[in-house]
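# Overview (structure and organization)
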Amino acid sequence: MHRAIERSRSFAFGFLYFLLIVGMMMFPILMDAVLPTVRFQRLLKFFDGNM
């Protein structure tokens, strides 16, 4: 019983580690997707304010 708990715990740690790695890999892609739209909206607001 104790051995099964240890195994499931290590599996959970491995899964969290895997999620962390995937998140680190996806984070720059998400940032590249999000930041240009934010900059574009900011530029549009800037131009609207100046017109």
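What comes next is a walk through the structure. Note that the structure is predicted; figures quoted are calculated from it, not measured.

This part takes up the overall build of the protein. Looking only at helices and strands, one finds one helix and zero strands in the protein. Scaling as 2.2 N^0.38, a compact globule of 51 residues should have a C-alpha radius of gyration of about 10 Å, whereas the protein reaches 22 Å, well beyond that. Projected onto its principal axes, the C-alpha coordinates of the protein cover approximately 70 × 15 × 5 Å. In the protein, which comprises 51 residues, the proportion classed as buried is 0%. Counting only carbon and sulfur atoms, one obtains 74% of the accessible surface of the protein, whose full area is about 5,300 Å².

Cut-off values and rules
- Every chain begins its residue count from 1, and numbering advances along the sequence as written.
- Local features in this predicted model are restricted to residues of pLDDT 70 or higher, and side-chain atom pairs are both shown and tallied only at a pLDDT of 80 or more, whereas totals for entire chains, interfaces and linings draw on every residue.
- No hydrogens and no water enter the side-chain calculation; it runs on all heavy atoms of the structure.
- Only DSSP runs of H or I reaching four residues or more are called helices, and only runs of E reaching two or more are called strands; each is numbered from the N terminus.
- With C-alpha atoms as the basis for the radius of gyration, the globule rule is written as 2.2 Å multiplied by the number of residues raised to the power 0.38.
- Think of it in three bands: residues with accessible area under 20% of the maximum for their type are buried, residues over 50% are exposed, and the middle band is partly exposed, with areas taken using a 1.4 Å probe on protein chains only.
- Each accessible area is a Shrake-Rupley estimate made with a 1.4 Å probe; only the visible protein chains count as cover when residues are assessed.

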